[in-house]
Amino acid sequence: MKTINLTLQIWRQKDANSTGQFESYPAKDIDTAMSFLEMLDVVNERLTKEGKEPVAFDHDCREGICGMCGAVVNGQPHGHIKATTLCQLHMRHFNDGETIVIEPWRSTAFPVTKDLIVDRTAFDRIISAGGFISAKTGSAPEASAISIQQDKAELSMDAASCIGCGACVASCPNASAMLFTSAKVSHLNLLPQGRVEAKDRVTNMVKQMDEEGFGNCSNEYLCEDACPKEISVVNIARMNKEFRTASRS
Amino acid sequence: MLNSKIPSGPLKDKWANHKDHLKLVNPANKRKYNVIVVGTGLAGASAAASLSEMGYQVDTFCMQDSARRAHSISAQGGINAAKNYPNDGDSIYRLFYDTVKGGDFRSREANVYRLAEVSNQIIDQCVAQGVPFAREYSGYLDNRSFGGAQVSRTFYARGQTGQQLLLGAYSALMKEVGRGSVTLHTRTEILDIVVIDGVARGVITRNLISGEIASFAADAVVLATGGYSNVFYLSTNAKACNVTAAWRAHKRGAFFANPCYTQIHPTCIPVHGEYQSKLTLMSESLRNDGRVWVPKKEGDPRKAQDIPEEERDYYLERRYPSFGNLVPRDLASRNAKMQCDEGKGVGPTGQAVYLDFEEAIGRLGEDVIRARYGNLFDMYESITAENPYKQPMLIFPALHYTMGGLWVDYNLMSNLPGLFVLGEANFSDHGANRLGASALMQGLADGYFVLPYTIGDYLAGVPSGRTATDSDEFRQAEKEAEEKIETLLAIKGNKTVDDFHRELGKLCWEKCGMSRDEQGLKEALQKIPEIRDEFWKNVNVPGSGRDLNQSLERAGRVADFLEFAELMVNDALYRKESCGGHFREESKTEEGEALRDDKNFTHVAAWEFQGLNKEPQLHKEALEFETVQLTQRSYK
Ligand SMILES: Cc1cc2nc3c(=O)[nH]c(=O)nc-3n(C[C@H](O)[C@H](O)[C@H](O)COP(=O)(O)OP(=O)(O)OC[C@H]3O[C@@H](n4cnc5c(N)ncnc54)[C@H](O)[C@@H]3O)c2cc1C
Ligand code: FES
């Protein structure tokens, strides 16, 4: 077992209406086999025992799939290890004596709720605007009636792997939600079942995205770099193409 | 005896006949009925979306910031259906039979048959929604095998099947939210169920951001709140999984059935430290290609690769030649424990066995293995810093799923009229052990294809129109919820919520885990109230009740686990037989396999709450097997 000592600079903010500030906390004797969130648990347990309020942070599955966790660590969403959510980031990737700066996603469309927790319901509203195939329960044809080229199905699955964590928005200088939105557009529009509503889908989702106050894409590709599921920016190009076709007809 | 309302007639026709005779609500009247659905996992999201499509007004609740994040999202391996696409002889009957046998003959035949029957429709529905299941080069759907079956009937989307199925149900739900007929309440926790004159009428909620306590009334309440594995603290479940809603319903009169039926999954990453917050599952699908073994010699210090073939014991292949590494979970787990108890365990703690892919990589090549399990291998490496393509994985069993749950009849209604329970939260289909890839199937069966029919039968018999939330019962329940919060915040003791949760979990794991005996269970029954008393005297919950307070949220859930644990242990003590995941040391065959006692225990044990520190009252539901013959389960 190897342990390290760290200093944490953590963003503390009481609620959406308060202003926040960084506070410094020691994190001593951290086992390097811990996950980042387990390290925060340990710090929180210590704060609680000192009679202080622990740091609020979102998390649930701790397996990198629910998309609940996330914070900017030393300037990088989910930290510096590629293709990794915060819950799957392990302390062996940090050095003894290091100072780690931890702050919430920053974007107008994701207001801070408390400490490291932000409000990502804008994503849900984008899905509600068109991120679905309207197949009412009971109306489906026999599954094997639809055959789908394997490589197409794989591309669709690549896009469908998005966990909706918001790291793409956090990484983007424009706080754009293009990667998130285009992943859903691609997942569904690539499938034959999704073609019927393809035009409305892309039009309505993009409209909602704009209304939520997300910025535009200026091809920085930082979103792809930050994405724990390595969703490709090719999806953005695909969405743009779908959008153009939809607005022409 | 409880009445399960199983329809009469031949097994194959029961569901069809039943549907033909269920009462209907006229389309124009549906919108006058309001239904509360708690939970947006596979069961809740599919139910809420379907009910809304039919025309009902739905309010749905979840604790996470988005409905898409329910624990179902983390299911990896797949979902079963009796499509028989691989042409290997599968059928509805076989899926039914495997599930009843897998459950060690402790489930209802009629429910399981219905489950197998609607399994095919689920796949149709999911494909239509755009769930990107794995496909063959031909473009048709691919299948893989899972434990407890000799056919390939599992549909999958890489190692992310739960995610894709849930995103399908979530998108259907969000479509209905957009249409305005579902109102979605995220970051909202149900703290109580309101029962008026014996009928479920609504819920008490806490807004997890503002702390506000509120009441919601409805014509029916549907709980789809998942399982209670986290009573063991360490489990493969998401951190927020809890028993609160089910336990509150139980305290208000709903019966809790077979709480001792818990499932321990054989292939999880072993525990490595005190700080550990959860255990990570390595999907059962890995046992398709991975071989489980330990060194033949006790305490063998050599590295895996230095142990020659003849000095390895592939104990599952040896003991169960026809199922080999694909025996059901309970057997695989218990066998791993037996090996470790004999001192043959491996890894730093000796509490692990190997899951080895060397042979499969040799046969199929690394690329094929990467395509099949790449994300699982990556996850393993990210957690343990070891490369499973080069060395075998270390695995050990962990708490994973709970077959027990609130008692429901064939219509999925609890003994309280108006309270329906779906998914992992009910007890209905898996008996004493669940087969892999069957929970996703059950959650979606309940939500898409059972409840939408059966709830109409209930609603057609009650007048529409919300109950007012200003009645005494709502007021009183709100007051109790507020008081509990104030009490928790005022204790200001020396231990954290997690300190208590860990202590409870460890006790449950040791005394009521993979194997159980009378003495240990009795010790647990003594210890649990002691921990509970200390909790209420010495827990430290910082912060206030008027804003987002995660310590407070956890404290409420742990308080309920501390009560629920006692019921679980009581049930384990009552059930003197071994069956499925419930293994009593006193009841085993000469070879150490679980030995059922059909004469005395072929029934569901449904418990009625009588007050804290009082013995719960037992109600039995006899299990009648008309089609299947009860046998000693054999996977030899
Ligand atoms: C790691 C892992 C892998 C798995 N893999 C498979 C697999 O491959 N195949 C398979 O068939 N099964 C698998 N399972 C099991 C399966 O995922 C679950 O049994 C199933 O998803 C449960 O679905 P559910 O809808 O009943 O509940 P959940 O998905 O647990 O949803 C519960 C919902 O209830 C809400 N809720 C809970 N309590 C409250 C409350 N008090 N107030 C408000 N809301 C509340 C939650 O917010 C959530 O929305 C796996 C399980 C795990 C842990
Ligand atoms: S906690 Fe679920 S992705 Fe990190």
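Residues numbered from 1 in each chain as written. Chains lettered and ligands numbered in written order. Predicted model: local features only at pLDDT ≥ 70, side-chain atom pairs only at ≥ 80, totals over all residues. Heavy atoms only, no water.

1. Points about the confidence of the model for chain B
Of all residues in chain B, 100% attain a pLDDT of 70 or more, and the chain-wide mean is 96. Across the assembled chains, the prediction reports ipTM 0.98 with pTM 0.97. (pLDDT = per-residue confidence, 0-100.)

2. Brief notes about the layout of surface pockets
Where empty space is left becomes clear once a probe the size of a water molecule has been rolled over the atoms. Residues and elements named next belong to chain B. As a volume, the second largest pocket reaches approximately 640 Å³. Around the second largest pocket sit 28 residues that line it, and Gly-347, Pro-348, Thr-384, Glu-386 and Leu-394 are the ones nearest its centre. Counting residues per element, the lining of the second largest pocket draws most heavily on helix α11 (residues 366–384), which supplies three residues. A breakdown of the residues in the lining of the second largest pocket according to their chemical character gives 15 nonpolar, seven polar and six charged. (1 Å grid on protein atoms, 1.4 Å probe; cavity = no way out; pocket = protein on both sides within 12 Å on 5 of 7 lines; lining within 4 Å. Points joined across faces, edges and corners; volume = space filled by probe spheres on them. Helix = DSSP H or I, 4+ residues; strand = E, 2+ residues; numbered from the N terminus. Nonpolar A, V, L, I, M, F, W, Y, C, P; charged D, E, K, R; others polar.)

3. Side note on the sheet that holds strand β15 (residues 393–402) of chain B
Residue and element names in this part refer to chain B. Taken in spatial order, the five strands of this open sheet run β11-β15-β14-β12-β13, and their pairing is antiparallel. Of all strands in the sheet, those bounded by a partner on one side alone are β11 (262–268) and β13 (312–313). Looking at chain direction, strand β12 (residues 291–295) and strand β14 (residues 353–356) are connected through three bridges and run antiparallel. What sits directly across from Trp-293, in β14, is Tyr-354. Strand contacts of helix α9 (residues 329–341): β11, β12, β13, β14 and β15, with the helix running at about 65 degrees to β11, the strand carrying the most contacts. (Pairing = 2+ DSSP bridges. Contact = heavy atoms within 4.5 Å. Axes fitted to C-alpha atoms, helices over the stretch in contact; angles between N-to-C directions.)

4. Digging into the interface of chain A and chain B
For interface size, the figure often reported is the accessible area lost on association. Listed as interface residues are 73 residues of chain A and, on the opposing side, 75 residues of chain B. The contact between chain A and chain B buries some 6000 Å² in all, and 50% of this surface belongs to carbon and sulfur atoms. At the surface where chain A touches chain B, the tally comes to nine salt bridges. The partner of Asp-158 of chain A in a salt bridge is Arg-158 of chain B, with the nearest N and O atoms 2.8 Å apart. Applying the counting rule to chain A against chain B returns 45 residue pairs in polar contact (both at pLDDT 80 or more). Of all the elements in the fold, those that place two or more residues in the side of chain A that touches chain B are α1 (36–49), β6 (112–114), β7 (117–118), α2 (121–130), α3 (150–160) and α5 (178–189) of chain A. If one sorts the elements of the side of chain A that touches chain B by residue count, α3 of chain A sits on top with seven residues. The residue inventory of the side of chain A that touches chain B, partitioned by class, reads 31 nonpolar, 21 polar and 21 charged. (Buried area = accessible area lost by both parts, 1.4 Å probe. Salt bridge = Lys/Arg side-chain N within 4 Å of Asp/Glu carboxyl O. Polar contact = N/O pair within 3.5 Å; in protein donor to acceptor, adjacent residues only side chain to side chain.)

5. Describing empty space enclosed by the protein
Scanning the entire structure with this criterion turns up 15 cavities of 30 Å³ or more. Within this model, the largest cavity holds a volume of roughly 840 Å³. In this structure, the largest cavity is lined by 50 residues; those nearest its centre are His-71, Ser-72, Gly-226, Gly-227 and Glu-424 of chain B. Broken down by secondary-structure element, the contributors of at least two residues to the lining of the largest cavity are α3 (42–54), β6 (188–196), α7 (244–251), β15 and α12 (439–459) of chain B. Top element by residues in the lining of the largest cavity is α12 of chain B. It accounts for four residues. Of the residues belonging to the lining of the largest cavity, the class tally is 20 nonpolar, 24 polar and six charged. Roughly 410 Å³ of volume is contained in the second largest cavity. Lining the second largest cavity are 30 residues, with His-59 of chain A together with Lys-239, Ala-240, Arg-554 and Arg-557 of chain B positioned closest to its centre.

6. Observations regarding the pattern of salt bridges
When the charged atoms of two side chains lie near each other, side chains of opposite charge can form a pair. Residue and element names in this part refer to chain B. Tallying each qualifying case throughout the model produces 70 salt bridges over all chains. Where Glu-189 meets Arg-557, a salt bridge forms, and the shortest distance between an N and an O atom there is 2.8 Å. Of this pair, Glu-189 sits in strand β6 while Arg-557 is found in helix α16 (residues 550–574), placing the two residues 368 residues apart along the sequence. Taken individually, Glu-189 and Arg-557 each receive the classification buried, so the pair is uniform in this respect. When the shortest N-O distance is used, the salt bridge between Asp-498 and Arg-554 registers 3.2 Å. (Buried < 20%, exposed > 50% of the residue type's maximum accessible area, 1.4 Å probe, protein only.)

7. Looking at the site of ligand 1
Residue and element names in this part refer to chain B. Around ligand 1, the structure places 37 residues, and the nearest of them are Gln-64, Ser-72, Ile-190, Glu-424 and Leu-440. Gln-64 is positioned such that a nitrogen or oxygen atom in its side chain is 2.6 Å from an oxygen atom of ligand 1. In this structure, an oxygen atom belonging to ligand 1 sits 3.4 Å away from a main-chain N or O atom of Ala-224. Alone, ligand 1 offers 1000 Å² of accessible surface; in the complex the protein occludes 98% of this. Here ligand 1 is seated within the largest cavity. When residues of the shell around ligand 1 are traced back to their parent elements, those giving at least two are α3, β6, β15 and α12. Residues that form the shell around ligand 1 fall into these classes: 14 nonpolar, 19 polar and four charged. (Near = heavy atom within 4 Å. Areas by Shrake-Rupley, 256 points an atom, 1.4 Å probe, with all protein chains shown as cover. Sits in = over half its atoms within 2 Å of the grid points.)

8. What to know about the packing of aromatic side chains
The final tally for this structure, using the stated rule, is 33 aromatic pairs over all chains. Ring geometry for Phe-36 of chain A and Phe-94 of chain A: centres 5.8 Å apart, planes at 45 degrees, overall tilted. Taken together, the residues Phe-36 of chain A in helix α1 and Phe-94 of chain A in the loop between β4 (76–77) and β5 (99–103) connect sequence positions 58 residues apart. Here a set of aromatic residues connected by ring pairs shows up, and it is made of Tyr-228, Trp-247, Phe-256, Phe-564 and Phe-609 of chain B. The aromatic ring of Tyr-453 of chain B is capped on one face by Lys-19 of chain B, whose charged end is 5.0 Å from the ring centroid. Between the NZ or CZ atom of Arg-114 of chain B and the centre of the ring of Trp-15 of chain B, over which it lies, the distance is 4.8 Å. (Phe/Tyr/Trp six-rings, centres within 6.5 Å; stacked < 30°, edge-to-face > 60°. Lys NZ or Arg CZ within 6 Å of the ring centre and 35° of its normal.)

9. Overview of the packing of α2 of chain A against helix α6 (residues 161–179) of chain B
Between α2 of chain A and α6 of chain B, the least distance of the axes is 8 Å, while the angle of their chain directions is 85 degrees. Judged by the inter-axis angle, α2 of chain A sits roughly perpendicular to α6 of chain B. Residue-level contacts link Asp-124, Ile-127 and Ser-128 of chain A of α2 of chain A to Tyr-170, Met-174, Val-177 and Gly-178 of chain B of α6 of chain B. Its residues assigned to classes, the contact of α2 of chain A with α6 of chain B comprises four nonpolar, two polar and one charged. (Parallel < 35°, antiparallel > 145°, perpendicular 65-115°, else oblique.)

10. A word on the domain arrangement of chain B
All names here are of chain B. The domain architecture assigned to chain B consists of domain 1 (264–399) and domain 2 (472–601). For domain 1 and domain 2, the distance between their C-alpha centres works out to 30 Å. Taken together, the contact between domain 1 and domain 2 spans 15 residues of the former and eleven residues of the latter. Regarding the contact of domain 1 and domain 2, the summed buried area is about 980 Å², with carbon and sulfur atoms giving 58% of it. Area buried by domain 1 at its contact with domain 2 is led by Ile-264, Arg-334 and Lys-337, which between them contribute 46% of it. Here domain 1 and domain 2 share one salt bridge between them. One salt bridge connects Glu-593 with Arg-319, and the closest N-O pair in it is separated by 3.4 Å. Along the contact surface separating domain 1 from domain 2 lie five residue pairs in polar contact (both at pLDDT 80 or more). Across the side of domain 1 that touches domain 2, the residue classes tally to eight nonpolar, two polar and five charged. (Domains from an automatic or database assignment.)

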